[in-house]
Structure formats: structure tokens, C-alpha cells
Amino acid sequence: MNVAIIGSGGREHAIAWKLKQSPQVGKLYALPGNPGIAEGAECVPIGVMDFARIEQFVRENEIALVIIGPEDPLAAGLADQLSARGVKVFGPSKSAARLEADKWFAKEVMRQQAVPTAEARSFTDAKAAEEYIRTRGVGRCVVKATGLAKGKGVTVCYRESDALEAIGRIMRDKVFGSAGERVVIEEMLSGPECSMLAFVDGSNIYMMEPAQDHKPVDDGDTGPMTGGMGAYTPTPVLDDRTIVQIERDVFVPVLDGLRRDGIDYRGVLYAGLMLTAAGPKVLEFNVRFGDPETQPLMMRLQTDLLEVMLATIDGRLDQVELRWDRRPALCVIAASGGYPGAYQTGQEITGIADAEALGDVKVFHSGTARRGDTLVTDGGRVLAVTAIGDTIAAARKRAYAAMDKVHFNNMHYRRDIAHQAIRRA
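Residues numbered from 1 in each chain as written. Predicted model: local features only at pLDDT ≥ 70, side-chain atom pairs only at ≥ 80, totals over all residues. Heavy atoms only, no water.

Asks: Tell me about the overall build of the protein chain, residues and numbers included.
Replies: A tally of regular secondary structure across the protein chain gives 14 helices and 23 strands. The globule rule puts the C-alpha radius of gyration for 425 residues at 22 Å, and the 21 Å found for the protein chain is close to it. For the protein chain, the spread of C-alpha atoms along the three principal axes comes to 60 × 50 × 45 Å. Looking at the 425 residues of the protein chain, the share that counts as buried comes to 59%. Of the roughly 16,900 Å² of accessible surface on the protein chain, 45% is carried by carbon and sulfur atoms. (Helix = DSSP H or I, 4+ residues; strand = E, 2+ residues; numbered from the N terminus. Rg over C-alpha atoms; globule rule 2.2 N^0.38 Å. Buried < 20%, exposed > 50% of the residue type's maximum accessible area, 1.4 Å probe, protein only. Areas by Shrake-Rupley, 256 points an atom, 1.4 Å probe, with all protein chains shown as cover.)

Structural data, given as C-alpha cells:
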């Protein structure tokens, strides 16, 4: 069957790479795609929010399945529009996508369903939010823009002044635009973070292997929050008992709450979790594959991804089996210097072929472009250098050996991905 992937990042490259391994895939398209995806699919210069052109392309090219990668088109209802035309779509509806698009909506669902999460208040008025910070008497908190902010709308605050500055940036300076019209101020939780992703078909939940990502831009989990600077799977912070607990106490009640409100959730549901002394608590939900967790997950997945996606859409997840390579996989993000703030683009990239020649390595493109025959940087997160190995330590060693082969001007990457797992080992 002909398949189209909506998106242009490392997540979409990893999905395309895995789909190309399926004998059921006919023509594979990416809208708009990137130079890495173009190695195995036809990239078409149509933006992810250009719904009219997407629909026309799908119709004219007899696309049987559309996979929506990023959150913005999901939140805007692309899945609904295409489904109404009889097209199979992997990705939840607009109403279901509110779990990610509106953090306060997600909080309300969790409260109604008694899902463990941080205590929080929401504000649409900057002055009221600032007054709350001044009167609560505790500087430690987390300030979040409630809308979509590419993973950058979260500020961890250790002092009252940090929280006041975050509110000012989000609500007064509008650094995230309309995403910051409302803020959520949460208690600060402590403990290891992890990511649990699951396929959901409306009634069945199929948990994927646990993963752990690194959000802060610098070593030691310091610096501003990003969309993710690296990830690995599996993570030793989660055992089988805790995974069962997360499915029972988080995924099942949230999906039951949505179903009670008439929302049929189909696609991937991602829970970002903090493993506190009182048990796992939800930090956030995403309504699609995570980036960069998808890259190492796809390296390990042995089941035909197309089969799983079709089963998710058709409500028959109970008829498939997810098989995983037993070996851990790890990815490190090569970012443009200055990210997540201002950064330069157009820097020539070299060494990808040398990196992949090491074996058990795949370099996924996140923010790249072609200028003639030259590959150049075209985003904050540029590449996801991903490797698999017999242990997490071996996968990390191989990933960093591959990273040493890659070069572009002012390249920045963390040198301590999976440091917690290595210490535990």
C-alpha cells in the first residue's frame, strides 16, 4: 500500500526507516520530509499545516495510510479531516490531542480519574500568577506554558525570582505565542524521569519498551529545557512490576476518562513520568511518538511497524505481538550551538557515512537541508546519532564513536547521555 508520513524531523526519519523494512509498503512519501528521509522515500514540499494540499496529494496519489508525526497538525484536526475522507490515519483525533495541546485539560482529566500527578494551579492572568508565587512561600516549582511549545515551554524554578521571570517570559513577553496564554504552576517533583509509550486502539493498550530521555541542553542535566538531547531504551529505573503499575494507574484510567467523554483514542500515547518516593507520577502526556525516544525504539523494534499501525487503527492490537531486540539502543542529539535559543543554520555537515560505517549505527536527520549537493544544518536539533550494543555502556560507546565522525561548525552535544544508567550498572 502507498503510505505518507507527515513531518520532517528525526522521529519521522526513524518511522520512515522502519517502514521501509515492511514488505507491505508500496510507495512511501514524506510531507515535507528531510534529506535523510529522502534516501528511502519521496519527499514532497508540502507543509504539515497545509491541510488542503495534504488532502489533495493523498487523494491524487492513492495513499492508503497517513502517519502524522508532529503534534501541531494533530492538535489542529488533520486526523479528523483525512478520516472523514475515508483515509486510514495513524494519529489521534483533535479532541484526543488536547491531552498534549492543553496541559490544563490533561490535568483535569487526571484529577477526575485519580491519576497520580503533581499538584498544580493554572492562571490566565500574569499578575495573578505572580501574586500566587509571592504568597505561596516556596520558590521551588515548575512553570509551564499550557499550549504546544516544542518541548521548550517548561521552566524548572528553584527560587521565587526564577518563577517570576518564567511567568514574565511566557505571559508578558509571549516567547511561545498563544501557547503561553495560560500557565500551569506545579509542585516540583523529585526522582528519576522516564518515558512510557503505548499503542492504543480504542480499547486495547500495548505498552512499548521503557525509555529515558535527557531534556536539559547541557551535561549533568543542567541548562534550559529542550525537545530532548538524547535518549536510550530500555531503562533500568523501571522494572516489570512498575510498568504494570503505570499501565494500571495511568494509561487505563486516562483512556477510560476520555472514552467516558466520547473520545475514542487511537495512535500512540506517551506519558512522561517522575518516579517519586510515593510512586510514579505523570509530568506530561504527548499524543504521538516522542523525539528522540523514537529513534532508539525503532532501532530495537523487530515487529513489522506497518502491521502494528494498521492493527492500532482497526482495533485489533490484541492480534499482534511486539518483538524487540534484546540489546539496548541509545541516541545522542547533535545540535546547533545556541539551541534552544538563537542559532545559525546553513553549516555544512560531514561524516555521516563514516559514522554509519561503524556498524549498528544509524544517523537520523532532524534539522537538515540540501543546498545543491551539500548537506547543511537547518534547525536546532540537527542529527540523532543512534547506536545499538550488548549493554547500555556498549551502545553509548558506539554512539559517541560515531559522533566523533560527524562535524559541522559550532556543533553541540551532551557527553553524558545515559549517565544514570551507567552509574546503576
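Asks: Tell me about the packing of helix α1 (residues 10–19) against helix α11 (residues 305–314), and please be specific about residues and values.
Replies: It is the contact of α1 with α11, at a shortest axis distance of 8 Å, that shows an interaxial angle of 105 degrees. Judged by the inter-axis angle, α1 sits roughly perpendicular to α11. Each of I15, K18 and L19 in α1 lies in contact with α11, whose residues at this interface are L305, L306 and M309. When grouped by side-chain class, the residues that make up the contact of α1 with α11 number five nonpolar, no polar and one charged. (Axes fitted to C-alpha atoms, helices over the stretch in contact; angles between N-to-C directions. Parallel < 35°, antiparallel > 145°, perpendicular 65-115°, else oblique. Contact = heavy atoms within 4.5 Å. Nonpolar A, V, L, I, M, F, W, Y, C, P; charged D, E, K, R; others polar.)

Asks: Tell me about the side chain of R327, residues and numbers included.
Replies: Along the chain, the position of R327 falls in the loop between α11 and β18 (329–336). At a separation of 3.4 Å, a polar atom in the side chain of R327 contacts the side chain of D360. Once residues within four sequence positions are removed from consideration, R327 is found in contact with R300, D360, I388, G389 and D390. (Polar contact = N/O pair within 3.5 Å; in protein donor to acceptor, adjacent residues only side chain to side chain.)

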